[in-house]
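Geometric and topological summary
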Amino acid sequence: AKPLVFPAARRPAAGGRSPETLPSPPPLPSPSPRCSPAMPEKRPFERLPADVSPLNYGLCLKPDLIDFTFEGKLEAAVQVKNATNQIVMNCADIDIITASYAPEGDEEVHATGFNYQNEDEKVTLSFPSTLQKGTGTLKIDFVGELNDKMKGFYRSKYTTPTGDTRYAAVTQFEATDARRAFPCWDEPAIKATFDISLVVPKDRVALSNMNVVDRKPYPDDENLVEVKFARTPIMSTYLVAFVVGEYDFVEARSLDGVLVRVYTPVGKAEQGKFALEVAAKTLPFYKDYFNVPYPLPKIDLIAIADFAAGKFSFSLNYRETALLIDPKNSCSSSRQWVALVVGHELAHQWFGNLVTMEWWTHLWLNEGFASWIEYLCVDHCFPEYDIWTQFVSADYTRAQELDALDNSHPIEVSVGHPSEVDEIFDAISYSKGASVIRMLHDYIGDEDFRKGMNLYLKKFQQKNAATEDLWESLEEVSGKPIAAVMNTWTKQMGFPLIYVEAEQQEDDKVLKLVQKKFCASGPYTGEDLPMWMVPISICTSDDPTCAKMQILMDKPELTLVLKDTKPDQWVKLNLGTVGFYRTQYSPDMLESLIPAIKDLSLPPVDRLGLQNDLFSLARAGIISTVEVLKVMEAFVNEPNYTVWSDLSCNLEILSTLLSHTDFYEEIQVFVKDVFSPIGERLGWDPKPGEGHLDALLRGLVLGKLGKAGHKATLEEARRRFKDHVEGKHVLSADLRSPVYLTILKHGDSTTLDTMLKLHKQADMQEEKNRIERVLGAISQPELIQKVLTFALSEEVRPQDTVSVIGGVAGGSKQGRKAAWKFVRDNWEELYNRYQGGFLISRLIKLTVDGFANDKMAAEVKAFFESHPAPSAERTVQQCCENILLNAAWLKRDADNIHQYFLQRKAPPAMV
């Protein structure tokens, strides 16, 4: 599927909510057999009993950075609500040494048994006598392991400026891993305050959610200090964070007085300045937007070497590449990625932390909301990024691609067992979630949307809420049927295709609209008719940027009259590509829109949407691929980066498909024809007055031309690479990826060795990642093997192995076969390494998505039946479905495409 505009590690994992708390949803049509996903069997699951609950956790942890263990002491103030002789808590990979309970003002009672339920990650503490109602203190001494699984309290390897290897101790608790650091009530609705202290070597930095209030020598060991942090506000366990390591920092105060610090590896403080600037601008923006102040006195953003999720919040830990920007060596897309990540995580301070979802079923709302507002925030800080157009390419179309599959799922999935949490956490939760919130914001209007948000945050602050609570607040303010509309988008999977035709009646146009579920496998043929309530906007050539009509389509068919619309005026649906649907125009309506692409009178985001809709209709067999190729040729004058980026992704999909034919070279010719005019206009060097997007576009176009073997581009890339390696003239950061890609694609073993040497010498993680992502472009079989072996070597950080293997699979037809074999041969090691996190799903998708015959689909299915990966089960189903869809597409359209390419080259017939 689409490569993201930014490194795809941007989405963390998380999950659902137990059946007994679900308000009954309005009845929705049940999916037809053809579009119903096989849901895995649900494990029986019970939430923790409510007999005993925490009020405050006093927690002291002492990590050992040499032996990778930690000792912990918990003193929790708890309330016994119902008399009981046992306390049930969450606990995983922890050994309890002693536990006792002391009712307020009474004798301490020691627990006589600890019964671990490992499957359910729970422990039951049994007491010899009944604990009576009232408050008291629960004390637990325990030990745990600083694991290397990137979850819970784990160790993170780093290299000091002098070249020593050391380890930091860091946390990643979302969704359900706080229980790996200390026994706790690890459910989002069980909130408490936290008093945290850490016993650490005195030359290390210790950080947690709150500011340090005391730092004193540790009595038993003069090399240690005890660092005590202030009491937190009331919050959920998954938001607790702590870090022990060696860091430098830069700091600033935001306009509203919050102290913002960015902690970086030692010696790299400079590189934290960009993130610091974004964070200091963002906090006041959110404060104004929500009309609720930031709840804490300080915020720390910390760059951590290996962080699976890309980032997470409160005392925010990030992957290095998500936070560090080197003014000389970082490319434009990295700056943008940092800005989005910071915007996303800071949004959670309100939406997630101040108000938390009641159970994981509503997690989509936290994530979808933060994924939408991160763009709003970046647009505010950096209007020159044209970020909303990029949203359509990065999130909206990506979500539509997944959601058209039979193996999609609704945004809101009721989750029982938290092991289902990782599984639902895909582009649907994030990207479709963000897209429907963008549609909702547009439907309500900004002013009422903000009022409704404020009402919701005020009403539920420091509490928990469900999706319905937000709809209620927005409905109250806007007077529109928000819950009824939104339930059609969140509680059923899929989205509609709207077919439209127009008939001229004197000076008016009469439009007929029909909605049907859009399926990737072709026209929908189910018995029942799923229905959506679709906010529709319509514009005409009179004013392409302004809606001539807005209406809520709440039935299968609709007839509208556009007054005063002349025969020569075109009509376009879905202004701004905001509505989450695809549009199929009648042939004559489509014909009239083509000139508006060529002369750019249609706005960029509408040009992008039109092309993307056509491409997906062709992929689904509703129209011919040749129709789309013709429209693509209309983009010769296109100046916009994001439009090109989307077009380029689609051509890449087509190119991968045609690598299974004997006319693969023909599509390369087509790519060169489409991209060379813009390549010539842009040239290799930045021109005065160019902005962020021109730099991104140049990299994209040169990479495309280089990969397709455009002669002049290849020669220039080789020349510039030689100068770069010899140190004569260093390549600018924005040109590195395209140049590296081009010379590798058409390179030999010497080229590969040079690249591996550059990788070894690179000081910046961003440069290492940049090289790792393109190594797979090399085409000789023995060199492909060398790259795959390199992927699992010590040289590559564990969470980056996936992008090296993915690069090989996406690099060539041979690469795809080799990568799939490599994943099968090394499955044990890879699976153990990622232990069911979201990286395993990513690995599978990147490796097998490009295949295009039924036999391969069967092979993939069989392999995962004998090597189960439960958290990636849905990904495997989606991949098999994609392979079958590719095979059908190839069978259906290959000959027509070939004919079209041949006739493009044929000389015009003599008259």
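Definitions and limits used
Residues numbered from 1 in each chain as written. Predicted model: local features only at pLDDT ≥ 70, side-chain atom pairs only at ≥ 80, totals over all residues. Heavy atoms only, no water. Helix = DSSP H or I, 4+ residues; strand = E, 2+ residues; numbered from the N terminus. Rg over C-alpha atoms; globule rule 2.2 N^0.38 Å. Buried < 20%, exposed > 50% of the residue type's maximum accessible area, 1.4 Å probe, protein only. Contact = heavy atoms within 4.5 Å. Areas by Shrake-Rupley, 256 points an atom, 1.4 Å probe, with all protein chains shown as cover. Lys, Arg positive; Asp, Glu negative; His and termini not counted. Charge placed at Lys NZ, Arg CZ, Asp CG, Glu CD. Pairing = 2+ DSSP bridges. Axes fitted to C-alpha atoms, helices over the stretch in contact; angles between N-to-C directions. pLDDT = per-residue confidence, 0-100. Phe/Tyr/Trp six-rings, centres within 6.5 Å; stacked < 30°, edge-to-face > 60°. Lys NZ or Arg CZ within 6 Å of the ring centre and 35° of its normal. Expected span 1.5 Å × (residues − 1). UniProt positions renumbered as here; feature names shortened; annotations may be inferred. Parallel < 35°, antiparallel > 145°, perpendicular 65-115°, else oblique. Nonpolar A, V, L, I, M, F, W, Y, C, P; charged D, E, K, R; others polar. Disulfide = S-S within 2.5 Å.

1. A closer look at the overall build of the chain
Secondary structure summary: the chain contains 26 helices and 28 strands in total. For the chain, whose C-alpha radius of gyration is 28 Å, the value lies close to the compact-globule estimate of 29 Å for 911 residues. Per-residue burial for the chain yields a buried fraction of 62% across its 911 residues. In the chain, the proportion of contacts linking residues at least 24 apart, taken out of those at least 6 apart, comes to 73%. For the chain, the accessible area works out to roughly 34100 Å², and carbon and sulfur atoms hold 52% of it. One finds the centroid of the 99 positive side-chain charges in the chain at a distance of 3 Å from the centroid of its 125 negative side-chain charges.

2. Structural notes on the sheet that holds strand β25 (residues 549–553)
Taken together, the 3 strands give an open sheet; going across it, the order is β25-β24-β27, and neighbouring strands pair in antiparallel fashion. Lying at the two open borders of the sheet, with one neighbouring strand each, are β25 and β27 (571–573). Ignoring strand direction, the axes of neighbouring strands in this sheet form an average angle of 25°. Inspection of the sheet shows strand β24 (residues 534–540) paired to β25 by 5 bridges, in the antiparallel sense. Along β25, the bridge assignment pairs valine 534 with methionine 553.

3. A look at the confidence of the model for the chain
When pLDDT is averaged across the chain, the result is 88; 91% of the residues are at 70 or more. With pLDDT under 50 throughout, residues 1–40 is counted as low confidence; its partners more than four residues away or in other chains account for 138 contacts.

4. What about the packing of aromatic side chains?
Within the structure shown, the criterion is met by 47 aromatic pairs. With centroids separated by 5.4 Å and ring planes inclined at 75°, the aromatic side chains of tryptophan 827 and phenylalanine 864 adopt a geometry described as edge-to-face. Linking tryptophan 827 in helix α23 (residues 827–834) with phenylalanine 864 in helix α25 (residues 854–866), this pair joins segments that are 37 residues apart in sequence. Like tryptophan 827, the residue phenylalanine 864 is buried in the burial classification. One residue, arginine 261, lies across the ring of phenylalanine 249, its end atom 3.9 Å from the ring centre. Here lysine 480 stacks its cationic end above the ring of tyrosine 443, 4.7 Å away from the centre of that ring.

5. Some points on the sheet that holds strand β10 (residues 165–172)
Taken in spatial order, the 4 strands make up an open sheet running β9-β10-β15-β12, and their pairing is antiparallel. Every other strand in the sheet has two partners, leaving β9 (152–159) and β12 (205–208) as the edge strands with one partner each. When strand polarity is set aside, the average angle formed by the axes of neighbouring strands in this sheet is 15°. Note: β9 against β10, 8 bridges, orientation antiparallel. Bridging from a neighbouring strand, arginine 155 pairs with alanine 169 of β10.

6. Some details on helix α11 (residues 604–619)
The terminal C-alpha atoms of α11, which comprises 16 residues, lie 23 Å apart, in line with the 22 Å expected from a rise of 1.5 Å per residue. The buried fraction of α11 amounts to 15 of the 16 residues, a majority that puts the element mostly inside the structure. A positive backbone phi angle near 80° is found at glycine 621, which sits one or two residues after α11.

7. Concerning the UniProt feature "binding site: Zn(2+)" (unreviewed entry) in the chain
Per the UniProt annotation, the sites labelled "binding site: Zn(2+)" (unreviewed entry) are His344, His348 and Glu367. For the annotated residues, spread through 24 residues, the largest C-alpha to C-alpha distance comes to 8.5 Å, consistent with a single compact locus. Mapped onto the elements of the fold, histidine 344 is located in helix α2 (residues 332–347). Mapped onto the secondary structure, glutamate 367 falls in helix α3 (residues 363–381). Each residue touching glutamate 367, except ones within four places of it in the same chain, is listed here: Glu174, His344, His348, Phe425 and Tyr430.

8. Considerations on the pairing of β9
Of all the 8 residues making up β9, 6 are buried; the element is thus mostly covered by neighbouring parts of the structure. The antiparallel hairpin formed by β9 and β10 contains 5 residues in its connecting segment, where glycine 163 sits at a positive phi of about 95°.

9. Re the packing of helix α15 (residues 692–707) against helix α17 (residues 733–745)
Across the interface, α15 lies against α17 with an axial gap of 8 Å and an inter-helix angle of 5°. Comparing the axis directions of α15 and α17 gives the class roughly parallel. Together, Ala695, Arg698, Gly699, Leu702, Gly703, Gly706 and Lys707 of α15 and Asp734, Leu735, Pro738, Leu741, Thr742 and Lys745 of α17 make up the contact between the two elements. Across the contact of α15 with α17, the residue classes break down as 5 nonpolar, 4 polar and 4 charged.

10. Re the environment of valine 200
Checked against the element boundaries, valine 200 lands in strand β11 (residues 193–201). C-alpha separation for the pair valine 200 and lysine 555, spaced 355 residues apart in sequence, amounts to 64 Å. Apart from the residues lying within four places of it in its own chain, the contact partners of valine 200 are Ala206, Asn223, Leu224, Val225, Val227 and Val244.

11. Some details on the pairing of strand β22 (residues 496–505)
Where β22 and strand β23 (residues 508–517) come together, 10 bridges link them in antiparallel fashion. Residue pairing in the sheet places leucine 497 in a bridge with lysine 516 of β23. Counting the residues that bridge the hairpin from β22 to β23 gives 2 residues, and of these glutamate 506 lies at a positive phi of roughly 55°. Of the pairings in the sheet, the one linking β22 to strand β28 (residues 582–585) comprises 4 bridges and is parallel in character. From the neighbouring strand, tyrosine 499 faces β28, where its bridge partner is glutamine 584.

12. Looking at the UniProt feature "active site" (unreviewed entry) in the chain
Following the UniProt record, one finds the feature "active site" (unreviewed entry) at Glu345. Within the fold, glutamate 345 resides in helix α2.

13. What to know about the side chain of threonine 565
Mapped onto the elements of the fold, threonine 565 is located in the loop between β26 (557–562) and β27. When near neighbours in sequence (up to four residues on either side) are disregarded, threonine 565 contacts Gln504, Asp507, Asp508, Lys509, Thr540, Lys548 and Val571.

14. Comments concerning the state of the cysteines
Summed over the entire model, instances satisfying the criterion amount to 0 disulfides. Cysteine 879 takes part in no disulfide bond, and the closest cysteine sulfur, belonging to cysteine 880, lies 6.9 Å away. By relative accessible area, which is 1% here, cysteine 879 ends up buried.

15. Some points on helix α22 (residues 813–825)
Because each turn of an α-helix spans 3.6 residues, side chains separated by three or four positions in sequence point in the same direction. A rise of 1.5 Å per residue sets the reference length of α22, with its 13 residues, at 18 Å; its end C-alpha atoms lie 19 Å apart and thus fit the reference within 8%. Among all positions in α22, only Gly815, Arg816, Ala818, Ala819, Trp820, Phe822 and Val823 are buried.

16. Quick notes on the environment of isoleucine 597
As for its placement among the helices and strands, isoleucine 597 is situated in helix α10 (residues 587–598). Assessed through its relative accessible area of 1%, isoleucine 597 is described here as buried. Here the alpha-carbon distance between isoleucine 597 and glutamate 412, two residues 185 residues apart in the chain, equals 37 Å. Discounting residues that sit within four places of it in the chain, isoleucine 597 has contacts with Leu602, Arg607, Leu610, Val631, Ala634 and Phe635.

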